[in-house]
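# Summary of structural features
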Amino acid sequence: EYGITRPKGHKVSFHYNSTVEDMHFGKTHPMKPWRLTLTKHLVLGYGLQYAMDTYEAVAAGIDQVRTFHDPDYVEFLSQVSPQTFDKLCQVPRFRNHVPAKHEGDSVDLGPFNLSTSPGADCPVFDGMSKYLFLYTGATLAATNQLTTNQSDIAINWSGGLHHAHKSEASGFCYINDIVLSIIDMLRIYPRVLYIDIDVHHGDGVEEAFQRQPRVMTLSYHRYGPYDDTGHKFFPGTGDLSDVGLKGTVGEHFALNVPIGSGIDDRQYRYLFESVTGKAIDAFKPSAIVLQCGADSLGGDRLGQFNINIKQHGECVNFVKKTGLPLLILGGGGYTARNVARAWCHETALATNNGAHLSDKIPLDLVPRPEAFMGRAHGDGQLFPKFQKDHRNECVESDLEMKVKKLDEELKY
Ligand code: ZLM
Ligand code: CA
Ligand code: ZN
């Protein structure tokens, strides 16, 4: 009825474990794993499970996580809970990792930038250890499907946590599943291109590969001296001039596309297709990792762009058209229903040769139809038009200048 087909010779695998849905970062913390429940409900409602192979994720092993992260940090993460936090903080080798206190810090930070204060970006919560190793396990299983040639596209919406550093949590991210995946891919693929359409700069991934010419990182993000509230937009890095670590072989293998607030569909498409197209031509990747953070959508609680779900999906389509092995990951996304809409649509694009799902959500087949009914919840539409709530700061001449600068960067 909804035109779900399984194209011959094109395999998509979907990696997930429902246990991640039950996690709570804190009462008003913006990161809501519940968005993954909504995504799953839409995916099942549209029958997309028949168009791909679904795999139940298992937790990553400690040794796998150590291929990038500091062993002390991994050990801490594997043992931490609200009950064990204070005790672990007394262990001398963990105490060494408490960050220096800065003036104006609103919360007390413990080792590795973790905290039990409810106001922290990276709180310690019940079941956290399980959650972290599960989303990482899902990304590594998805990666394995690609590297062993068993899937053409592999999806993990619970992954894509691009801010985590070697021995520090940052910006709602604890284990950098993306870095672990790319490290694994480098055993098989000569070159890996990482593309990041989350509204935040993919700083953790860029930093991890800043000396690695076999990995090119390309992030599109909100960037500017100050945001609406007079603060720097998180994490405050990713300027146009940031092109990898100067004086190392990694120089020229990081690209950043800083963007002002309120960018619209047409402008975003112009930037994305010009820069991504040129990057693919110049770098000739053997595989691509696409982080699809949905906080770049209009109406996001934390984002400041005005792009609609169809344009967000066009980025997936554009990358898919290369025909290269493709790992699709989630990331940010703080208006839960829209995250679910975008990721369901993108799951369909991955499986279905660019055919769009019906705008009418099959409410009779969705487990909790009320979640998508009524005016406040989008009137049963998959592609509601977002009201433009951010002033468009982007001017054409400036976008052209950025494309030109990045094009020159790609000539190295
Ligand atoms: N304070 N609660 C994107 C990561 C964005 C750093 C300012 C903490 C929040 C935010 C936390 C419940 C991805 C910063 C913020 C408040 C220092 C950020 C807890 C609201 C709350 O209500 C909140 C009390 C919290 C955090 C808002 N944090 C908004 N923006 C950013 C991190 C992650 O999407 O890229 C990938 C998943 N942090 O701006 C502060 C500077 C900590
Ligand atoms: Ca980004
Ligand atoms: Zn984000």
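Heads up: these notes are all about the structure in this document.

Calculation rules
- Residue numbers restart at each chain and count upward from 1, following the sequence in its written direction.
- For naming, the first written chain is A and the first written ligand is 1, with later ones following in the order written.
- pLDDT decides what is reported in this predicted model: residues at 70 or higher carry local features, side-chain atom pairs at 80 or more are listed and counted, and totals for whole chains, interfaces and linings draw on all residues regardless.
- With hydrogens and water excluded, all non-hydrogen atoms of the structure serve as input to the side-chain values.
- Put simply, DSSP H or I for four residues or longer makes a helix, DSSP E for two residues or longer makes a strand, and each gets a number counted from the N terminus.
- We call two residues in contact when some of their heavy atoms are within 4.5 Å.
- N or O atoms within 3.5 Å of each other form a polar contact, as long as, within protein, one can give a hydrogen and the other can take it, and as long as residues adjacent in sequence are counted only when both atoms are side-chain atoms.
- To sort residues, take the accessible area from a 1.4 Å probe on protein chains only and compare it with the maximum for the residue type: under 20% means buried, over 50% means exposed, and anything in between is partly exposed.
- As used here, the arc is the angular range of directions from the helix axis to the C-beta atoms.
- Throughout, an axis means a line fitted to C-alpha atoms (over the contacting stretch in the case of helices), and angles, computed between N-to-C directions, take values from 0 to 180 degrees.
- With respect to orientation, any angle under 35 degrees is reported as roughly parallel, any angle over 145 as roughly antiparallel, any angle of 65 to 115 as roughly perpendicular, and every other angle as oblique.
- Disulfides are defined as pairs of cysteine sulfur atoms found within 2.5 Å of each other.
- Note on definitions. A residue lies near a molecule or strand when any single heavy atom of the residue is within 4 Å of it.
- Residue-level accessible areas treat just the shown protein chains as cover; the underlying method is Shrake-Rupley with a 1.4 Å probe.
- Using protein atoms alone on a 1 Å grid, points that fit a 1.4 Å probe yet trap it form a cavity, whereas open point sets bounded by protein on both sides within 12 Å along at least five of seven lines form a pocket; residues with an atom within 4 Å of a point count as lining.
- Placement in a cavity or pocket follows one criterion, namely that more than half of the molecule's atoms lie within 2 Å of its grid points.
- Amino acids outside the nonpolar list (Ala, Val, Leu, Ile, Met, Phe, Trp, Tyr, Cys, Pro) and the charged list (Asp, Glu, Lys, Arg) are all regarded as polar, and Gly is one of them.
- In this listing, donors mean N, O and S atoms no farther than 2.8 Å from the metal, or 3.2 Å for Na, K and Ca; water is missing from the atoms, so a site can look incomplete.
- Irregular is the default label, applied whenever a site is not tetrahedral (four donors, all angles between 85 and 135 degrees) and neither square planar nor octahedral (four or six donors, opposite donors over 155 degrees apart, all other angles between 65 and 115).
- Grid points are joined across faces, edges and corners, and a volume is the space filled by probe spheres set on the points.
- Should DSSP find at least two bridges between two strands, the strands are taken to pair.
- Look down the strands so they point away from you; if the path from the first strand over the helix to the second goes clockwise, the crossover is right-handed.
- Each Phe, Tyr or Trp ring, with Trp reduced to its six-membered ring, pairs with another whose centre is within 6.5 Å; inter-plane angles below 30 degrees give stacked pairs, above 60 give edge-to-face pairs, and intermediate values give tilted ones.

### Some words on the environment of S219
- Mapped onto the fold, S219 is located in strand β5 (residues 215-222).
- A sequence separation of 103 residues divides S219 from T322, and the C-alpha atoms of the two residues are 18 Å apart.
- Every residue in contact with S219, bar those within four places of it in the chain, is listed here: D196, H200, H201, G202, L255, N256 and V257.
- A distance of 3.3 Å separates a polar atom in the side chain of S219 from the backbone nitrogen of G202.

### Here we look at helix α3 (residues 71-79)
- Restricting attention to buried positions, one finds in α3 the residues Y73, V74, F76 and L77. Seen along its axis, α3 keeps its buried residues to an arc of 160°; they face one direction.
- Buried residues belonging to α3 abut α2 (62-65), α4 (85-89), α5 (92-95) and α6 (128-147).
- At the N-terminal boundary of α3, the capping side chain belongs to D70, with an oxygen 2.7 Å from the backbone nitrogen of D72.

### Comments concerning the packing of α3 against α6
- Their axes nearest at 7 Å, the elements α3 and α6 cross at an angle of 120°. Between α3 and α6, the interaxial angle falls into the category oblique. On α6, the residues touching V74, L77, S78 and Q79 of α3 are M128, S129, L132 and F133.

### A word on the state of the cysteines
- Summed over the entire model, instances satisfying the criterion amount to zero disulfides.
- Free cysteine: C173, not disulfide-bonded; nearest cysteine sulfur from C122 at 7.0 Å.
- Considering cysteine sulfurs only, C315 is the nearest to C394, which forms no disulfide, with 14 Å between them.

### Digging into the site of ligand 1
- Close contacts around ligand 1 come from 21 residues, with D121, H162, H163, D295 and Y334 the closest.
- Between ligand 1 and D295 there is a distance of 2.9 Å, counted from an oxygen atom to a side-chain nitrogen or oxygen.
- A distance of 2.5 Å is found between an oxygen atom of ligand 1 and a side-chain nitrogen or oxygen belonging to Y334.
- Burial of ligand 1 by the protein chains amounts to 70% of its free accessible area of 830 Å².
- One can see that ligand 1 is located within the largest pocket.
- Here the residues of the shell around ligand 1 are counted per class, giving nine nonpolar, nine polar and three charged.

### Things to note about helix α7 (residues 177-185)
- Burial of α7 is extensive: eight of the nine residues sit out of reach of the surface.
- Three or more residues of α7 are buried, namely D177, I178, V179, L180, S181, I182, D184 and M185.

### Description of the coordination of the zinc ion (ligand 3)
- Taken together, the protein ligands of the zinc ion (ligand 3) are D198 (OD), H200 (ND1) and D295 (OD), with distances of 1.9 to 2.0 Å.
- Read N to C, the donor residues that coordinate the zinc ion (ligand 3) are spaced as D-x1-H-x94-D. By the burial criterion, D198 is buried, and H200 matches it.

### What to know about the coordination of the calcium ion (ligand 2)
- Protein ligation of the calcium ion (ligand 2) involves D196 (O), D196 (OD), D198 (O), H200 (O), S219 (OG) and Y220 (O), the donor distances falling in the range 2.4 to 3.0 Å.
- Considering all six donor atoms around the calcium ion (ligand 2), angles at the metal cover 69 to 165° and the coordination shape is irregular.
- In the primary sequence, the donor residues of the calcium ion (ligand 2) line up as D-x1-D-x1-H-x18-S-Y.
- We classify D198 as buried; its relative accessible area is 1%.
- Looking at H200, the relative accessible area reads 8%, which means it is buried.

### A word on the layout of surface pockets
- By volume, the largest pocket amounts to about 1200 Å³.
- Taken together, 48 residues line the largest pocket, and the ones lying closest to its centre are G119, A120, D121, F172 and F234.
- Taken together, 18 residues make up the lining of the second largest pocket; nearest its centre are N338, A376, P384, K385 and F386.
- Looking at side-chain class alone, the lining of the second largest pocket contains four nonpolar, eight polar and six charged residues.

### What to know about the pairing of β5
- In terms of burial, β5 is largely enclosed, as eight of its eight residues are buried.
- Of the two faces of β5, the one holding V215, T217, S219 and H221 and the one holding M216, L218, Y220 and R222 are both buried throughout.
- When strand β4 (residues 192-196) meets β5, the two strands line up parallel, connected through five bridges. When the sheet's bridge partners are listed, I195 is paired in β5 with L218.
- For the crossover from β4 across helix α8 (residues 203-208) to β5, the handedness is right-handed.
- The pairing of β5 with strand β6 (residues 254-259) spans six bridges and is classified as parallel. The residue of β6 that forms the bridge with H221 is P258.

### Description of the packing of aromatic side chains
- Evaluation of the coordinates by the stated rule reveals 20 aromatic pairs.
- Residues F25 and Y174 carry aromatic rings whose centres are separated by 6.2 Å and whose planes lie at 55° to one another, so their mutual orientation is tilted. Here F25 is found in the loop between β1 (12-16) and α1 (34-45), whereas its partner Y174 is found in the loop between β3 (153-156) and α7, with 149 residues between them in sequence.
- With centroids separated by 5.3 Å and ring planes inclined at 70°, the aromatic side chains of Y131 and Y135 adopt a geometry described as edge-to-face. Taken together, the residues span about one helical turn, with Y131 and Y135 both in helix α6 at a distance of four residues. Each member of the pair Y131 and Y135 is classed as buried.
- Clustering of aromatic rings is evident, with ring pairs tying together F25, F125, Y131, Y135 and Y174.

The analysis is restricted to geometry; functional conclusions fall outside its scope.
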